[in-house]
Amino acid sequence: MDFHCHLDLYPNAREVYKEACRRNSFTWLVTTSPKAFAASSRALVPSSNVLITPGLHPEIVHERAQELDLLLEQITTVPAIGEVGLDGSSRFQATYDVQRRIFSAVVARCECLGGRVLSIHSRQAVKDVLAELNLHPQFGTAVLHWFTGTSSELKAAEAQGCWFSVGPAMFNSNSGRALAAKLPRERVVPESDGPFAKLEGQPVMPWSMDVTAALLADAWGVTSDSAMNILEQNSIRLLKLIQAPQLVKHGPGAP
Ligand SMILES: [Zn+2]
């Protein structure tokens, strides 16, 4: 399973998509813009175990802000949204106000529609992300992807009910490994974040859940089997929150 993958952006996207359909019981394909969502939904043969969702990546809001209305419209038709969020790093400081306007509109819309599951980017912006979610308590469920905040931000996110999607690349740094050890185990699901996330110079593939499980096992001091089991149980619970019964039906272990 994979709860955060830019499957449409691999150089050989159709092949990777086919292989993910074959190997994974569930893959969440997060797009980076409303137009990319529309294009991917058209270009890829629908599969009952791949969820394609509309998003607006904070790193590209400067060129895509005018697509916000389209995004708000698309949100009405899907159970989950992603990738959305805020990026507070210096590179994207110039667009931070626009990022906030867009993220706020998305979260408000999700609340208005009775709740959605969101895959959220929160690099150097955890505080603002959590504050925004707090303003809209009925927004649904937040899955913070590749969390890179501080320990106290992690605690705050946990207290607010956030989930965490974690991939092998999180373990490339000491700080990532330290954070992984502190994650609330009952709210962690696997992700690849490929092709952006890399492992030994290669893009992480959507079927890397066993690699993530082995790395988490190390961080948690449990066996790989037990970490795998935790990830599977969590994944089933999160899929139920996504309210996509056709996806739950497949469950882990399905071909
Ligand atoms: Zn991503």
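Once a new chain begins, its residue numbering starts again from 1 and follows that chain's sequence as written. Predicted model: local features are reported for residues with pLDDT of at least 70 only, side-chain atom pairs are reported and counted for 80 or more only, and whole-chain, interface and lining totals are derived from all residues. Values reported for side chains reflect all heavy atoms of the structure, with hydrogen atoms and water molecules removed beforehand.

Sorry, what's going on with unusual backbone geometry here?
Glycine aside, negative phi is the norm for most residues, and most peptide bonds take the trans geometry. With an omega of 10 degrees, the peptide bond running from G82 to E83 counts as cis. In this structure, the amide linkage connecting G194 to the following residue, P195, adopts the cis form with an omega of 0 degrees. Numbering goes from the N terminus for both helices and strands, where a helix is a DSSP run of H or I of at least four residues and a strand is a run of E of at least two. Tracing the chain through its elements places P195 in the loop between β8 (188-190) and β9 (198-199). A positive phi angle, close to 40 degrees, is found at W146, a residue other than glycine.

Would you explain the sheet that holds strand β2 (residues 27-30) in this entry?
Across the sheet, which stays open at both edges, the three strands sit in the order β1-β2-β3 with parallel pairing between neighbours. The sheet is open, and its two edges are formed by β1 (2-5) and β3 (50-53), each paired on a single side. Put simply, the sheet's adjacent strands are angled 20 degrees from each other on average, direction ignored. Pairing between two strands is assigned when DSSP locates at least 2 bridges connecting them. Bridge count between β1 and β2: two bridges; the pairing is parallel. Bridge pairing links D2 to T27 in β2. Between N-to-C directions, angles span 0 to 180 degrees; the directions come from axes that are lines fitted to C-alpha atoms, helices contributing only their stretch in contact.

What exactly am I supposed to notice about helix α8 (residues 174-182) here?
Partly exposed describes any residue whose relative accessible area lies between the buried limit of under 20% and the exposed limit of over 50%, with all areas from a 1.4 Å probe on protein chains only and scaled to the type maximum. Where α8 is concerned, the buried positions are G176, L179 and A180. Viewed along the axis of α8, the buried residues span an arc of 105 degrees, placing them on a single side of the element. Those residues of α8 that are exposed and aimed more than 90 degrees away from the buried face are N174 and S175. Buried residues in α8 make contact with α7 (151-159) and α9 (209-220). Each direction from the helix axis to a C-beta atom contributes to the arc, which is the arc of those directions. Should any heavy atoms of two residues lie within 4.5 Å, those residues are considered in contact.

Help me understand the coordination of the zinc ion, please; the structure alone is not making it clear to me.
Each donor-metal-donor angle in an ideal tetrahedron of four donors is 109.5 degrees, and each such angle in an ideal octahedron of six donors is either 90 or 180 degrees. At the metal site, the zinc ion is ligated by H4 (NE2), H6 (NE2), E83 (OE) and D193 (OD), and these contacts range over 2.2 to 2.4 Å. For the zinc ion, the four donor atoms are set out with angles of 82 to 169 degrees between them, so the coordination reads as irregular. Each metal's donors comprise the N, O and S atoms found within 2.8 Å of it (within 3.2 Å for Na, K or Ca). Water is not part of the atom list, so some coordination spheres may appear incomplete. Sequence spacing of the donors to the zinc ion: H-x1-H-x76-E-x109-D. With a gap of 110 residues between them, E83 in strand β4 (residues 80-85) and D193 in the loop between β8 and β9 connect regions that are remote in the sequence. Sites are called tetrahedral only when four donors show all angles between 85 and 135 degrees, square planar or octahedral only when four or six donors show opposite pairs over 155 degrees and all other angles between 65 and 115, and irregular in any remaining case.

Would you mind showing me how to read the packing of helix α6 (residues 126-135) against α7 here?
Helix-helix packing: each pair is described by the crossing angle between the helix axes and the interaxial distance. Contact geometry for α6 and α7: axes closest at 10 Å, N-to-C directions at 15 degrees. Between α6 and α7, the crossing angle belongs to the class labelled roughly parallel. For α6 against α7, the interelement crossing comes out left-handed. Where α6 approaches α7, its residues V126, K127 and L130 are matched on the opposing element by E153, A156 and A157. Each residue is assigned to one class: nonpolar for Ala, Val, Leu, Ile, Met, Phe, Trp, Tyr, Cys and Pro, charged for Asp, Glu, Lys and Arg, and polar for all the others, Gly among them. Of the residues assigned to the contact of α6 with α7, the class counts are four nonpolar, no polar and two charged. Here roughly perpendicular refers to angles of 65 to 115 degrees, roughly parallel to angles under 35, roughly antiparallel to angles over 145, and oblique to all remaining angles. Should the near helix be turned anticlockwise from the far one by less than a right angle, the crossing is termed left-handed; should it be turned clockwise, right-handed.

Even after reading the chapter, I still don't get the pattern of salt bridges, so can you show me in this structure?
Here the idea is simple: oppositely charged side chains can pair when their charged atoms come close. Definition used for salt bridges: Asp or Glu carboxyl oxygen within 4 Å of a side-chain nitrogen of Lys or Arg. Evaluated as defined, the whole model comprises seven salt bridges. We note a salt bridge from R64 to E67, for which the minimum N-O separation is 2.7 Å. Judged by relative accessible area, R64 falls into the partly exposed class, the value being 25%. The shortest N-O distance in the salt bridge between D87 and R123 comes to 2.6 Å. Here the residue D87 occupies a position in the loop between β4 and α5 (96-112), and R123 occupies one in the loop between β5 (116-121) and α6, the gap between them amounting to 36 residues. Connected through shared salt-bridge partners, E19, R22 and R23 make up one network.

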